[in-house]
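# A look at the structure
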Amino acid sequence: MKPSPAERHSRARRVIPGGVNSPVRAFKSVGGSPVFIASAKGPYLYDADGNEYIDFVLSWGPMILGHAHPAVVEAVQKAAEKGLSFGACTEAETEMAEAICRLLPSIEKVRLVCSGTEATMAAVRLARGYTGREKIVKFRGCYHGHGDSFLVQAGSGAMTFGNPSSPGVTRGAAQDTLIADFNNLDSVNTLFAQHGADIAAIIVEPVVGNMGVLVPESGFLQGLRALCDGKKTLLIFDEVMTGFRVSLQGAQGLYGIKPDLTTLGKIVGGGMPLAAYGGRADIMDMLSPEGPVYQAGTLSGNPLAVAAGLATLKEVSAPGFYQKLEVLSARWESDLRKVFQGMSDAVQINRVGSMLTVFFNQNPVRDYTSAAACDTATFGKFFQASLREGLYLAPSQFEAGFLSIAHDEKVLMRVTEKTEMAIRKFFH
C-alpha cells in the first residue's frame, strides 16, 4: 500500500528540516501536506500517487517551454554522454555568454554561476568593489536570494536602517542594507539624501515576483535610473525571475531601462542549476582574474546546465514565441477575471507577460503594505480547492504564477472549468 502524502512528509521530516529543501514547499501557509511529484510533461505534473495537475508553478518559473521539452531533454542527454562536469573551460560556456550578451544589450560581459542567490550576492559584491562604497538599497518585500545582505526587513519606518529578519544575519550585514518601498520614489530619494555618498547600488526586481506579481508604476524604474546616474550609483536589475520570462529582453527590454548590472536565473538554465550576472564591461572587468573582486565556483558553467539553457534560449528566440505566449497569458487573465466576477471587489489580478497573481484583497496591490493586507486564510482555502480540482498553484499568496507555451487554448479551457468548480465548491 502506498504511503499517503502526510506519511511521505513525515518520513522526509525525520532527515530534512521541515521535510523540504526550500521552505515554501512545506505548504505551511496553505495547510495540508505537500504534494510529492514523480514526473512532469508539458503543462502537467504527476504526483507519487499518479494524480495529474495542471502546473502553474513551473519549477518557480524556468519551464517556459513546459516540462521535459524534447529539445532540452535531447541537449542534456547529449551533454551527459560527454561528461557531467569538468571544472575547466568549455566552448559551450562561451556560446552561452555570447547568447546572453546578444539578447540583452545592457550586458557586455557575463559570468555564469549556479543559482540566483549566487548571482545577486556576487553582483552586490562587484558593485561595492567597483564604487568603493558599502551600502545598498533594496525594497521591502523584494527577495534576492538568501544572502545575508538581502535577509533584511524594514523596522517601524521604511527609511531607517534595516534589522536582520533571520537569525544568523549579523547586525553588521544588516546595517549596510537600506530599505525603500517599491513604487515609491520618495522613499528612495530620502535614503539618498541621508546616505547618497555611501550607496554602491540599488537592487530591484523590475517586476516583483516575490510578493506576488507587483507591476512597476509609470516613471518608477525610470526614476531609479535617473537617480543612479546622478549619484554615480549602480542600478542592478534582479531578473532571475523576469529574465526571458516577460519578454525576450526581460523586464529591461519591456520597460526600456538599461541597468548597469543584471542577474539572471531560472529560464537561462532551462530548469537546470545555472544562473548568471553581467553588465558593462568596465564593471565586469573588476572581477578576478581581471580585477580584484573575487568570486569562484566549482560547478559554474556546468556543461549539462549550459546545454539545457542554450536549448531553451534557442526555442524562445524563435519568431513569434513571445507574441503567442502573450496571447495565451492574456486569455489566462481574462478567464480568471470572468470566473471571479461575482466577487471582484475582493480579488485583484496582477499580470505582466506570463507572470500572474490572484490577490485576495479588496484594494489594488502595488507595494509591500498592500500585499501584506491580503486575506491569506482565504487564499489558503482557494489553493486547497484548486488542488483538489487538479490545479497546482504556488502554495503561497505571495508568489507569482507562471504560464508556459505548452498551456495551449485547450489546456486553458480546462483551467477555466476547474477554477469555476473550485470557486463554486469553496465560495458557495
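Structure's up top.
Now for a look at the structure at hand. Since the model is a prediction, treat every value here as computed from it, not as a measurement.

So, about the side chain of E333. Mapped onto the elements, E333 comes out in helix α11 (residues 321-339). Classification of E333 as buried rests on a relative accessible area of 16%. For E333, the residues in contact, after removing those within four places along its chain, are I349, R351 and L356.

This part takes up the nonpolar core. Core analysis: the biggest nonpolar cluster contains 67 residues, and I100, F244 and F340 have the highest contact counts within it. Looking at which element gives the most residues to this core, the answer is helix α10 (residues 303-316), with 9 residues. Ignoring any residue separated from it by four or fewer positions in sequence, one finds I100 in contact with I107, V110, L112, L264, V268 and A276. Among the nonpolar cores identified, the runner-up in size contains 27 residues, and V137, C142, L227 and C374 belong to it.

Running from N to C, helix α2 (residues 70-81) and α10 point in directions that differ by 150°, and their axes come no closer than 8 Å. Taken together, α2 and α10 sit at an angle that is classed as roughly antiparallel. With respect to the hand of their crossing, α2 and α10 are arranged in right-handed fashion. Here A71, V72, A75, V76, A79 and A80 of α2 lie close against α10, whose contacting residues are P303, L304, A307, A308, A311, T312 and E315.

Relative to the assigned elements, V268 resides in the loop between β11 (261-264) and β12 (275-279). On a C-alpha basis, the gap between V268 and R245 in space is 9.6 Å, while along the polypeptide they are 23 residues apart. What V268 contacts, discounting residues up to four positions off in sequence, is M96, I100, F244, L274, A275 and G309.

Turning next to the sheet that holds strand β14 (residues 355-359). Within the open sheet, the 3 strands sit side by side as β13-β14-β16. Their pairing is antiparallel. Each having just a single partner strand, β13 (348-352) and β16 (401-402) make up the two edges of the open sheet. Across 5 bridges, the pairing between β13 and β14 is antiparallel. Note that in β14 the partner of Q348 across the bridge is F359.

Note that V208 resides in the loop between β9 (199-204) and α7 (220-231). When its relative accessible area of 0% is taken as the criterion, V208 is described as buried. Spatially, the C-alpha atom of V208 lies 9.4 Å from that of D238, the residues being 30 residues apart in sequence.

Strand order in the open sheet formed by 4 strands is β1-β2-β3-β15, with mixed pairing between adjacent strands. Two strands bound the open sheet, and with one partner strand each, they are β1 (37-41) and β15 (391-392). Where strand β2 (residues 44-47) lies against strand β3 (residues 52-55), 3 bridges are found, and the strand directions are antiparallel. Bridging from a neighbouring strand, Y46 pairs with E52 of β3.

The residue after S288, namely P289, is reached through a cis peptide bond having omega 15°. Tracing the backbone through its elements, the reader meets P289 in the loop between α9 (281-284) and α10. A positive phi angle, close to 55°, is found at S59, a residue other than glycine. Even without being glycine, K266 reaches a positive phi, approximately 55°. Inspection of the secondary structure puts K266 in the loop between β11 and β12.

Take the packing of helix α3 (residues 91-103) against α10 next. Relative to each other, α3 and α10 sit at 35°, their axes nearing to 10 Å. Like other packed secondary-structure pairs, α3 and α10 cross with a definite hand, here left-handed. Of α10, the residues touching α3 (which contributes A92, E93, E95, M96, A99 and L103) are V306, G309, L310 and L313. Of the residues that constitute the contact of α3 with α10, the class distribution is 7 nonpolar, 1 polar and 2 charged.

Between its first and last C-alpha atoms α7 spans 17 Å; for 12 residues at 1.5 Å apiece the expected length is 16 Å, and the two agree. Among the residues of α7, F220, L221, G223, L224, R225, L227 and C228 are the ones counted as buried. Those residues of α7 that are buried are in contact with β5 (135-139), α6 (185-195), β9, β10 (234-239) and α8 (250-255). Immediately beyond the C-terminal end of α7, within one or two residues, lies K232, with a positive phi of roughly 55°.

Summed over all chains, the structure comprises 11 aromatic pairs. Taking the centre distance of 5.1 Å and the plane angle of 15° together, the rings of F56 and W332 count as stacked. Here the residue F56 occupies a position in the loop between β3 and α2, and W332 occupies one in helix α11, the gap between them amounting to 276 residues. W332 carries the same exposure label as F56, and that label is buried. A centroid spacing of 6.3 Å and a plane angle of 90° characterise the contact between F139 and F182, whose relative ring orientation is edge-to-face. A residue pair is termed long-range when its members are at least 10 positions apart, and F139 in strand β5 and F182 in the loop between β8 (177-180) and α6 qualify at 43 residues.

The rules behind these values
- Residues numbered from 1 in each chain as written.
- Predicted model: local features only at pLDDT ≥ 70, side-chain atom pairs only at ≥ 80, totals over all residues.
- Heavy atoms only, no water.
- Helix = DSSP H or I, 4+ residues; strand = E, 2+ residues; numbered from the N terminus.
- Buried < 20%, exposed > 50% of the residue type's maximum accessible area, 1.4 Å probe, protein only.
- Contact = heavy atoms within 4.5 Å.
- Core = buried A, V, L, I, M, F, W, Y, C linked by side-chain atoms within 4.5 Å.
- Axes fitted to C-alpha atoms, helices over the stretch in contact; angles between N-to-C directions.
- Parallel < 35°, antiparallel > 145°, perpendicular 65-115°, else oblique.
- Left-handed = near helix turned anticlockwise from the far one by under 90°.
- Pairing = 2+ DSSP bridges.
- Nonpolar A, V, L, I, M, F, W, Y, C, P; charged D, E, K, R; others polar.
- Expected span 1.5 Å × (residues − 1).
- Phe/Tyr/Trp six-rings, centres within 6.5 Å; stacked < 30°, edge-to-face > 60°.

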